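A look at the structure
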Amino acid sequence: MNRVVAISGVFFWTMLALIGCEVDDGSYDSDSDNITLTSFANSYDSKANDTAIARIDETYRTGARNIKTTNLINSYSNQSLNDLDRTVLADDFEGRLENKDIGVNGRTVKRPIYEKNSNNKLDYQTTYQTLDLSGLTTRSYSTGTNIEERRGILTDLSNYSEIPSNVAFPEGSVCYIPVVTSEQSFWAFNDKNKTGYSSLSEWIEAAERRFSDDRDYRLSEFDVGKGSKLKAAQVMFFEYKNQPAYEYSGVEYGKDIYEANYVAKGSTDPNTDSRFDVVDCTIVNEVAGDFLAEQIERYY
C-alpha cells in the first residue's frame, strides 16, 4: 500500500480567514468508549460506466470495530475497502493486527498487536485531534502554483469539485486528525495486498519505475520477522515540481510478495497549522459527514 508522505499522512494546505483555526480538545461525536470516523471514497461502477461515491462510517467501540458503507452515487465496490485483519512484521517480530481487544478512551483508539504463538504484544494506538470546520468553504484551501505554495485546510469540499465554492460547513462540523503512536516500526498487510511479483527484487525494480519523470528516489531494505529472516523494502520518491513525496513498501512473506503499509516507531506529527502547510481534514464527525453526503448527492 502506497502512502503520500509529504503531507502528514496524505495531503497538504491555508487562507487568511483560517489563521485563527486551532486544534480543539472537545469530544464532539465521541463517547468515552465509542468514536465514529466518517470519510468518503470513490470506485468505478461498471454497470453505470461511471464513478461511484460512498460514505464510509468506521466505528470503534471498546472491544470491536465496525465499518458501514453507504452508496451515494451509483454502486461503490467494497473490494476497494480493505477492512481485513493484517499480518504485522517488525524487527524480530511477527504478529497480527486484528479487530478485537480494541480499547477506546475518548478520541484515543488502542489496538494491540499480538505476537504469533505468544501473549507478547506491541502497543499501537491512534489519537484523533479535532479541528472546527464550521463556516469553512473550498476557499479554506489554496493549491498554489507548486507544492511549496499549497496552504490551508483540505476538506472533501475541494476533493468533490462539483460542489459550489460558496457552500460552507454547518456549525458542529469537526475533522479528526490522526496521531499514530507505535512502540515499534512495523509493516502491515493482508491477502488484499498480495502482488503478482515472484521476488522482492522484482517488486523493487517495478517500484523504482513507478514514475516516468526525473524525480529522485531512495531505496531502503530491512530484515524483519521472527529471527529477522524475512525481507522488506521501501522506495521513497521525493517531492518533484508540483507533486508530493510518495513512499511504497513491499514485504516477502511465505512464497508471496505484498504491498505493505509502513508505520514508524514513536508518534506521527501531523500538521495542524494551516498558516504554514496543508491540514488534512478528510476524516470528519457525523455532522460534517451528513452535510457532505447531502452536497455530494445534490451536485453529483
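Residues numbered from 1 in each chain as written. Predicted model: local features only at pLDDT ≥ 70, side-chain atom pairs only at ≥ 80, totals over all residues. Heavy atoms only, no water.

1. Brief notes about the overall build of the chain
- When you go through the chain residue by residue, the secondary structure sums to three helices and 22 strands.
- Of the accessible surface of the chain, which amounts to about 14,900 Å², a share of 42% is contributed by carbon and sulfur atoms. (Helix = DSSP H or I, 4+ residues; strand = E, 2+ residues; numbered from the N terminus. Areas by Shrake-Rupley, 256 points an atom, 1.4 Å probe, with all protein chains shown as cover.)

2. Things to note about helix α3 (residues 286-299)
- With 14 residues, α3 extends 20 Å between its outermost C-alpha atoms, agreeing within 8% with the 20 Å of an ideal straight helix rising 1.5 Å per residue.
- Turning to α3, its buried residues number three or more, namely Ala288, Gly289, Phe291, Leu292, Ala293, Gln295 and Ile296.
- Looking at the buried positions of α3, the neighbouring elements they touch are β3 (34-45), β4 (50-61), β5 (64-73), α1 (156-159) and β15 (174-182). (Expected span 1.5 Å × (residues − 1). Buried < 20%, exposed > 50% of the residue type's maximum accessible area, 1.4 Å probe, protein only. Contact = heavy atoms within 4.5 Å.)

3. Re the sheet that holds strand β22 (residues 278-280)
- Ordered by their spatial adjacency, three strands build an open sheet running β13-β14-β22, and the pairing between neighbours is mixed. Edge positions in the sheet fall to β13 (141-142) and β22, since each has one partner strand and no second.
- Alignment of β13 against strand β14 (residues 151-154), held across two bridges, turns out to be antiparallel. Bridge pairing links Ser142 to Arg151 in β14. (Pairing = 2+ DSSP bridges.)

4. Here we look at the packing of aromatic side chains
- Summed over all chains, the structure comprises 13 aromatic pairs.
- The interplanar angle of 85 degrees and the centroid separation of 5.4 Å between the aromatic rings of Tyr124 and Phe186 together place this pair among those described as edge-to-face. Highlighted residues: Tyr124 in strand β12 (residues 124-132) and Phe186 in strand β16 (residues 186-189), separated in sequence by 62 residues.
- According to the relative accessible area criterion, Tyr124 is buried, its value standing at 14%.
- Its relative accessible area of 1% is what places Phe186 among the buried residues.
- Measuring from ring centre to ring centre gives 5.9 Å for Tyr160 and Tyr300, while their planes differ by 90 degrees; the resulting arrangement is edge-to-face. Here Tyr160 is found in the loop between α1 and β15, whereas its partner Tyr300 is found in the segment after α3, with 140 residues between them in sequence.
- Given the relative accessible area of 5%, Tyr160 is considered buried. (Phe/Tyr/Trp six-rings, centres within 6.5 Å; stacked < 30°, edge-to-face > 60°.)

5. Regarding the state of the cysteines
- Going through the model one piece at a time under the given rule, you end up with one disulfide.
- Linked covalently through their sulfurs, Cys175 and Cys281 form a disulfide whose S-S length is 2.1 Å. Of this pair, Cys175 sits in strand β15 while Cys281 sits in the loop between β22 and α3, placing them 106 residues apart in sequence. As far as burial versus exposure is concerned, Cys175 and Cys281 are alike and both buried. (Disulfide = S-S within 2.5 Å.)

6. Comments concerning the confidence of the model for the chain
- The predicted model of the chain has a mean per-residue pLDDT of 87, with 88% of residues at 70 or higher.
- The least confident element of the chain, judged by mean pLDDT, is strand β1 (residues 3-4) at 38; the most confident is α3 at 98.
- Scored below 50 in pLDDT, residues 1-28 makes 93 contacts in the model with residues more than four places away or belonging to other chains. (pLDDT = per-residue confidence, 0-100.)

7. Digging into the nonpolar core
- Ranked by internal contacts, the top residues of the largest apolar core, which has 23 residues, are Leu133, Phe169 and Ile296.
- Elements represented by at least two residues in this core include exactly β5, β15 and α3.
- Here this core takes five residues from α3, the largest share from any one element.
- With residues near it in sequence (within four places) discarded, Leu133 still touches Ile153, Thr155, Phe169, Ser173, Val174, Cys175, Cys281 and Val284. (Core = buried A, V, L, I, M, F, W, Y, C linked by side-chain atoms within 4.5 Å.)

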